[in-house]
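Read off the chains here:
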Amino acid sequence: MDLQIREASVEEAFEVLHRIVEFAAPISLAKLTARLANKSALILVAENQQQLVGVKIGYALDKQVFYSWLGGVLPAGRGHGVAQALLETQEAWVIDQGYQQLTVKSRNRFPAMVRLLMHNGYLIEDIEKKEGVLDYRLHFRKDWLKNNA
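Residues numbered from 1 in each chain as written. Predicted model: local features only at pLDDT ≥ 70, side-chain atom pairs only at ≥ 80, totals over all residues. Heavy atoms only, no water.

Description of unusual backbone geometry
Backbone geometry places Asn38, a non-glycine residue, at a positive phi of 60°. Its relative accessible area of 85% is what places Asn38 among the exposed residues. Of note, the phi angle at Gln49 is positive, near 50°, even though the residue is not glycine. (Buried < 20%, exposed > 50% of the residue type's maximum accessible area, 1.4 Å probe, protein only.)

Written as structure tokens, this is what we have:
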């Protein structure tokens, strides 16, 4: 796989998000744009041979905390390190921008994401119970010490 990670537009992110079948109710372009408005945001896409295969979107909650809000990998990109590359690129940017913490939520129904986060040193800090156990939201965080980035 000839993988390239780059910053992208909201429209490119929207294009990828709408092709990820696991998202039961994809977000509209208007809601995506509104959510990121007036925020320090980072939108990343992964490309393989000029085809979009993944996306990762996050934004600042405050001067110390960056929230990795939404992301995913298309079936064609899975098993090739796309999610890991997106995560590493986002983390490097977050550290470079001076944030001290990165937070992310996932659900039990996405075990590959849960494994990826745990493998990369994210810790579960809270569980938000929903109707079914598969929809429980797992709140993760990763902290950087000023001299340990």
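Brief notes about the side chain of Lys142
By the secondary structure assignment, Lys142 is in strand S7 (residues 137-143). A relative accessible area of 16% places Lys142 in the buried class. Within the structure, Lys142 has its side chain in polar contact with the side chain of Glu91 (distance 3.1 Å). Engagement of the side chain of Lys142 in a polar contact is seen with the backbone oxygen of Asn120, the distance being 2.7 Å. (Helix = DSSP H or I, 4+ residues; strand = E, 2+ residues; numbered from the N terminus. Polar contact = N/O pair within 3.5 Å; in protein donor to acceptor, adjacent residues only side chain to side chain.)

Examining the nonpolar core
Phe66, Val94, Tyr122 and Phe140 are the most contacted members of the largest nonpolar core, which totals 22 residues. Mapped by element, the contributors of at least two residues to this core are strand S2 (41-48), strand S3 (51-60), strand S4 (65-73), helix H3 (82-96), strand S5 (101-107), helix H4 (111-119) and S7. In terms of residues, this core owes the most to one element, H3, which gives five residues. (Core = buried A, V, L, I, M, F, W, Y, C linked by side-chain atoms within 4.5 Å.)

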